[in-house]
Structure formats: structure tokens, C-alpha cells
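# Residue-level structure breakdown
The primary structure of each chain is shown beneath.
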Amino acid sequence: MFQAMLDSVIGSLKGIPEHRSGGNIQYEIADAGLGAFGVFFTQSPSFLAYQRHMEQSQGRNNARSLFGVEKIPSDPQIRNLLDPVDPSHLQAPFWEIYEQLEADKHLQAYRQVGGTLLCSLDGTQFFASQKINCSNCTVRVQDEQEHYSHTVLAAVLVKPGSKHVIALDPEFITPQDGHDKQDCEQQAIKRWVRRNAGRFSSWGLTILTDDLHSHQPLCDLLLKHKVHFIMTCKTDSHKTLYEEVELLTGVEGAVKTMAVRHWNGRYGELHTYSWAKQVPLRTGAEVLQVNWCEVTVVREDTGRQLYHSAWITSHELTEETVPQVVAAGRAHWKVENENFNVLKNRGYRLEHNYGHGKQHLATVLLSLLLLSFLFHTVLHLCSPRYQAIREKLGPRRTFFNDLRALTRYMYFDSWDSLLDFMCEKLELAPG
Ligand SMILES: [Zn+2]
């Protein structure tokens, strides 16, 4: 699987049109992209420096054997080669890897409510500065000071109860239509849906969002593309809907409730579900009717409330499906916790020492970083040897420390050889 995924990345990088004038030099762009990818994949800022040293002393190196870097560019070369590259050139590998996972039936376990895949969409800022900037920065002026930033709308497949989120092609939030009109997350989410909804089977996808997006324009767009939704629905931002729910509570059988006991291993929880069908999302003409549900979780012994939230959805609500819809809605936060948190705080050092660039460098590097994160997730899902090694080594940090040290001092002719070596030394059964 590693080689198939890498071939997909190599294919995309080699397909990038040459932006320099002169002879046949496009392969260096691929080398720059693969070199940066190697740094993110090994979480080793010095990876390329070590491999240059190995090349000098041994005439071979792991950047070439593991990641296909034919000639290792210098850091300034990487910056110069990648800065003009439009990040849309790196969309294809995300989808090729997704299609491979689908073909190999690895996504079956990710099918939840009504057999749909759950895709959580959320924005996060990944760069902020008052000084460093590029032509694609979002600019905000406060107290006569310009603030530059980059935000990405991440899309990840989530599964309740699993910490493995599968990164899909992201949408970058950049100034649109020239630089005066600032983009925003709502537009980015619509662009993502228009661009990607067709990649999923009709009614085979459920989009999960927070309250910011749970409004009619996005719901209409999703339904038009035959995509389901489960979106957080707060009282202060959905006055019409909650007035209707309030009215319906006076009508017998209109708002259903159900309580389920749940033992969490330490104490009993009481999950109380309420739901209503076909309530108006807003006032005015052509109002969309949506289904609504909420859950309140109370600790049984003390009566203390542990959790409460509510959602709107296009899914049918029954006694059987409400708990599934709620579990899916609650899994939305995984985009924050299992994705952004890992990317920002667990060793994927985005900015490294490549700097920010003048055009696209920041977004190209983020795409490569997301791809390296995806590689590790897919290996965890599909490679029993990789799984066994990660399990044996315990904390994430230990695995990456070993990966850094091994690739610094030893040469491996392929990713498989590296895994073989680790399995052997850790006395794990060969897979
Ligand atoms: Zn910028």
C-alpha cells in the first residue's frame, strides 16, 4: 500500500507543469515535493540533511530509496521550486488513496448511519503573522496593524469510537476574486461540496458540521447533490426551529423521547433522546423542513448533566436511527481532536525551515503534510506489520524517534525493508 500511495504522489508531482523556462528540468519539482514529503512523513526536520550526508559517504540514501527523490534539492531550492505550484496539483493523490481504500473494502467499517460515510468538515487557521505574508494570505486590519493568516477547511472521514480519521482533499480558504474580497469558511465549504460530492455514490455520504454551517443554503446545496447532513443546531441561532419544537411538545406524539441506560465502565449514564420530524429551518419562502434530535446525558448516581447537544439532519429518525445520528453528530469533533491537534501538536512541524514563500508555498506544504498524515493512517488501517510495530512501541513519539534514528544511520532499500528490520528487531512475527 505504501508504494501505491507514493506512486500516486509521485505521479501528481511529475505532472506539475514546468514553471521555469529552459530545458527538461521538471523532475526537480517532483524531487522538491517528495523531499518535503519525506521530512513530514519521518517528522524529521533534518531528514534531508542526513540523507545528503549519507549520499556523500555511501553513494546512496533513504530519500531516494524510500521516497523516490532522485536528486536531493537544498532547502532554498525546495522553497523556490514549490512556491509557484498551485496546491490543486496535489488533490489527486487524496482521491486515488480514497478509491483504493474503498476498493479494498477498508471503508466498510466507516459506513455508519444508513450505510453512509461520515465526513466531518471544519476550518482551522494554520498560519498567523503580523509580518510574514504572501499573495494568498488572508489579511485582517486591526488597530492599523495588518494580520496575515492562512486557514484550511479540512475534510476527514470519521467513525464513532475510532481515533483514526481519514484525511480527504482539503479546501484552502484564500481571498477570492482578487484580493479585496476576503473568503470565508462558508464559501469554502460550498466549493468543497460542489467539487467533490460527485465522487461519492448518491446518498452515500453524510456531511457533519458545527452550528456555523447548519443553515438552509448549505442544506439545500447538499440535498441537490444527494448528500446527507448532520449539523449541530443551537437554540440561539435557530429560533424558528426551536419555536416549532416548543409548539410540537404540546401535540401528542409529535416530539418523541427515549431513554437508554449505558454503563461506561465506571458509572451508569442515562442517555435521553428527543426527536421531531419535519420542522422548519427558518421563516420565509421555500423553507426547508428538517429532522431534529437532541441528547442529554446524565450521570445516574448523582444526576449531574454530563453532555447535551442537538442536531438537524436529513436522515430518517426512528428509535433505531436516533442513537446512530447522535453518535455521528458527536463524532464531528474528531476533525478537531484527532486531526488538527495531531497535525499541530504531535510532531508534524508544518513550517519547518522552508519559510512561507511569496505565492503558494504555505498551502503546498500543508497539502504534503496532510498526505503524510494520511499515509500513516492508511498504514495503520491496512498494514498488519505497521500496526504491530506501532502497538509494540507504544507512544507515537517512540515510533518517530526510531524512524528518525534508523533512517539517519542506516540505509534501507525500500519501506518494506525498513518494516522487516523493525519487525525482526522487535521480535514481531513476520506478516
Ligand atoms: Zn501567506
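Being a predicted model, the structure only gives us computed values, none of them experimental. (Residues numbered from 1 in each chain as written. Predicted model: local features only at pLDDT ≥ 70, side-chain atom pairs only at ≥ 80, totals over all residues. Heavy atoms only, no water.)

### Regarding the coordination of the zinc ion
The protein atoms that coordinate the zinc ion are C134 (SG), C137 (SG), H150 (NE2) and H356 (NE2), at distances of 2.0 to 2.3 Å. Around the zinc ion sit 4 donor atoms; with metal-centred angles ranging over 100 to 127°, the donor geometry is tetrahedral. A residue is classified by how much of its surface remains accessible, and H356, at 5% relative accessible area, is buried. (Donors = N, O, S within 2.8 Å, 3.2 Å for Na, K, Ca; no water. Tetrahedral: all angles 85-135°; square planar, octahedral: opposite > 155°, others 65-115°. Buried < 20%, exposed > 50% of the residue type's maximum accessible area, 1.4 Å probe, protein only.)

### Things to note about unusual backbone geometry
Phi is positive for D143, which is not a glycine, with a value near 50°. Structurally, the position occupied by D143 is in the loop between β2 (138-142) and β3 (145-158). Even without glycine at this site, K226 takes up a positive phi of about 55°. As for its position among the elements, K226 is in the loop between α8 (216-224) and β6 (228-232). Judged by relative accessible area, K226 falls into the partly exposed class, the value being 39%. (Helix = DSSP H or I, 4+ residues; strand = E, 2+ residues; numbered from the N terminus.)

### Considerations on the environment of V165
Tracing the sequence through the fold places V165 in the loop between β3 and β4 (166-173). Taking the relative accessible area as the measure of exposure, V165 reaches 1% and is therefore buried.

### Some words on the confidence of the model for the protein chain
Averaged over all residues, the pLDDT of the protein chain is 91; the fraction at 70 or higher stands at 92%. Between the elements of the protein chain, mean pLDDT differs from a low of 66, seen in helix α11 (residues 334-345), to a high of 98, seen in β6. (pLDDT = per-residue confidence, 0-100.)

### Looking at helix α15 (residues 415-425)
Turning to α15, its buried residues are W415, L418, L419, M422 and C423. Along the axis of α15, the buried residues cluster in a sector spanning 130°; they form a single face. Looking at α15, the residues exposed on the side facing more than 90 degrees away from the buried face are E424 and K425. (Arc of directions from axis to C-beta.)

### What to know about the nonpolar core
Core analysis: the biggest nonpolar cluster contains 110 residues, and W192 and L241 have the highest contact counts within it. The element contributing the most residues to this core is helix α12 (residues 361-382), with 14 residues. With residues up to four places along the chain from it excluded, the contact list for L241 reads C233, V279, P280, L281, V290, W292 and I312. (Core = buried A, V, L, I, M, F, W, Y, C linked by side-chain atoms within 4.5 Å. Contact = heavy atoms within 4.5 Å.)

### What to know about the packing of aromatic side chains
Following the criterion strictly, the structure yields 20 aromatic pairs and no others. Centroid distance F37 to F41: 6.0 Å. Interplanar angle 25°. Geometry classified as stacked. Remark: F41 and F37 occur in helix α2 (residues 27-42); sequence separation between them is 4 residues, near one turn of the helix. F37 sits in the buried class, given a relative accessible area of 0%. On the accessibility criterion, F41 (0% relative accessible area) is buried. When the ring of F41 is compared with that of W415, the centres are 5.2 Å apart and the planes differ by 80°; the resulting orientation is edge-to-face. Note that F41 is positioned in helix α2 and W415 in helix α15, a separation of 374 residues in sequence. Accessibility classification places F41 together with W415 in one group, the buried group. Three or more aromatic residues link up through ring pairs in this structure, and these residues are F2, F37, F41, F47, F67, F375 and W415. The ring of Y267 carries R299 above its face, with NZ or CZ at 3.8 Å from the centroid. (Phe/Tyr/Trp six-rings, centres within 6.5 Å; stacked < 30°, edge-to-face > 60°. Lys NZ or Arg CZ within 6 Å of the ring centre and 35° of its normal.)

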